[in-house]
Amino acid sequence: MEPAFLSLGLAILGGALIGLLLSVFGGGGSVLATPLLLYVVGVRDPHVAIGTSAAAVAVNAAAGLGVQARAGRVKWPCALVFGGAGLAGSLAGAHLAKMVDGQALILWFSGAMALVGVSMLAPRKDAGDPAVRLNAALTLKLAPLGLLVGLAAGFFGIGGGFLIVPGLMAATGMTLANAAASSLVSVVLFGAATSASYAASGLIDWPVFAALVAGGGLGALAGAPLARRLADQAPVARRAFAGMVLATAAYVAWRSLTA
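Residues numbered from 1 in each chain as written. Predicted model: local features only at pLDDT ≥ 70, side-chain atom pairs only at ≥ 80, totals over all residues. Heavy atoms only, no water.

Student: Honestly, the environment of Ser30 in this entry has me stumped. Any pointers?
Tutor: Tracing the sequence through the fold places Ser30 in the loop between α1 (3–25) and α2 (33–41). For Ser30, a relative accessible area of 16% puts it in the buried group. Setting aside residues up to four positions removed in sequence, Ser30 forms contacts with Ile18, Leu22, Val57 and Gly159. (Helix = DSSP H or I, 4+ residues; strand = E, 2+ residues; numbered from the N terminus. Buried < 20%, exposed > 50% of the residue type's maximum accessible area, 1.4 Å probe, protein only. Contact = heavy atoms within 4.5 Å.)

Student: Whenever I open this one, α2 confuses me. Can you help?
Tutor: With seven of nine residues buried, α2 lies mostly within the body of the structure. Along α2, the residues classified as buried are Ala33, Thr34, Pro35, Leu36, Leu37, Leu38 and Val41.

Student: Explain the packing of aromatic side chains here, please?
Tutor: Aromatic ring pairs are defined here through the distance separating the ring centres and the angle between the ring planes. With the rule as written, the count across this model stands at four aromatic pairs. Each ring, one from Tyr251 and one from Trp254, has its centre 5.9 Å from the other, and the planes form 40 degrees; the classification is tilted. Here Tyr251 and its partner Trp254 are both found in helix α10 (residues 234–258), three residues apart, which amounts to about one turn of the helix. (Phe/Tyr/Trp six-rings, centres within 6.5 Å; stacked < 30°, edge-to-face > 60°.)

Student: Would you take a moment to explain helix α7 (residues 161–172) for this structure?
Tutor: For an α-helix the count is 3.6 residues per turn, leaving residues at separations of three or four pointing the same way. For α7, which comprises twelve residues, the first-to-last C-alpha distance of 16 Å matches the rise-based estimate of 16 Å (1.5 Å per residue) to within 8%. Every buried residue of α7 is listed here: Ile164, Val165, Gly167, Leu168, Ala171 and Thr172. End-on, the buried residues of α7 take up no more than an arc of 165 degrees, which puts them together on one face. Next to the buried residues of α7 lie α4 (76–98), α6 (136–156) and α8 (176–200). (Expected span 1.5 Å × (residues − 1). Arc of directions from axis to C-beta.)

Student: Before we go on, may I ask you to explain the packing of helix α3 (residues 46–70) against helix α5 (residues 102–121) in this structure?
Tutor: For any two helices packed against each other, the geometry is given by the interaxial angle and the distance between the axes. It is the contact of α3 with α5, at a shortest axis distance of 8 Å, that shows an interaxial angle of 50 degrees. When the axes of α3 and α5 are compared, the pair comes out oblique. Each of Pro46, His47 and Ile50 in α3 lies in contact with α5, whose residues at this interface are Gly102, Gln103, Leu105 and Ile106. Along the lines of polarity and charge, the residues of the contact of α3 with α5 split into four nonpolar, three polar and no charged. (Axes fitted to C-alpha atoms, helices over the stretch in contact; angles between N-to-C directions. Parallel < 35°, antiparallel > 145°, perpendicular 65-115°, else oblique. Nonpolar A, V, L, I, M, F, W, Y, C, P; charged D, E, K, R; others polar.)

Student: Looking at this structure, I do not really get the nonpolar core. What am I missing?
Tutor: Across soluble globular proteins, nonpolar side chains show a tendency to be buried alongside one another. Counting 40 residues, the largest nonpolar core has Val31, Leu32, Leu37, Val41, Met113, Tyr198 and Val245 as the members making the most contacts within it. Contributing elements (two or more residues each) for this core: α1, α2, α3, α4, α5, α6, α9 (206–229) and α10. For this core, the element with the highest residue contribution is α5, accounting for seven residues. In this structure, Val41 is in contact with Ser7, Leu10, Ala11, Leu36 and Val208, ignoring residues within four places of it in sequence. Listed in part, the 25 residues of the second largest apolar core include Cys78, Ala171, Leu176 and Val185. (Core = buried A, V, L, I, M, F, W, Y, C linked by side-chain atoms within 4.5 Å.)

Following this line, the structure appears as structure tokens:
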């Protein structure tokens, strides 16, 4: 098999794994995209891996957002203030990341992965106000938080849902279900801005991007019934997934330090 076809096949399989994980756990899986591209698919430039994964994450999040919007779970005013403020931050973060040496950036990325893993181990509470409405006080809370989260998402090329969801809940008091749905607005905006910045610098592998998106769609379809079967064991499964993310973070850090 030609190396290019093998890489695309691996990208499809990797995208399917990420799509499945996102369907089952509702977040965190996208952070595996960059190490998967680097160490499995064979993308050699860390910046290309980050740019390509950011573009794929934006597309997958847009599909998820459509589902959540039809279900009426998205708090659009709050989500747009948070995401709009973070858009400028994500562009600035992506610009800064492109100025950092690739191996140093991946080392920083491993730290972000570790934070994702740890955040997944924290207990989740759904208590909150399902009827929350945007006002001036909430806007003053949401905008600065959105700017900071967007900066981190753009710098690391990740969706940032592990920061967006608690940020929305802390600023507005909305429920976990509403925050998870509303966070997809920011994930789409941040991913689109980050990938646009990388694309302008020629740092996206478009065939690999297409393979990731195609695989992600297949994984999402396969993950839906699996999520229903694991519903009763969700805490145990989520801890196992968090352990996988933490182990991957350690491996990424080791590879970066020994490169």
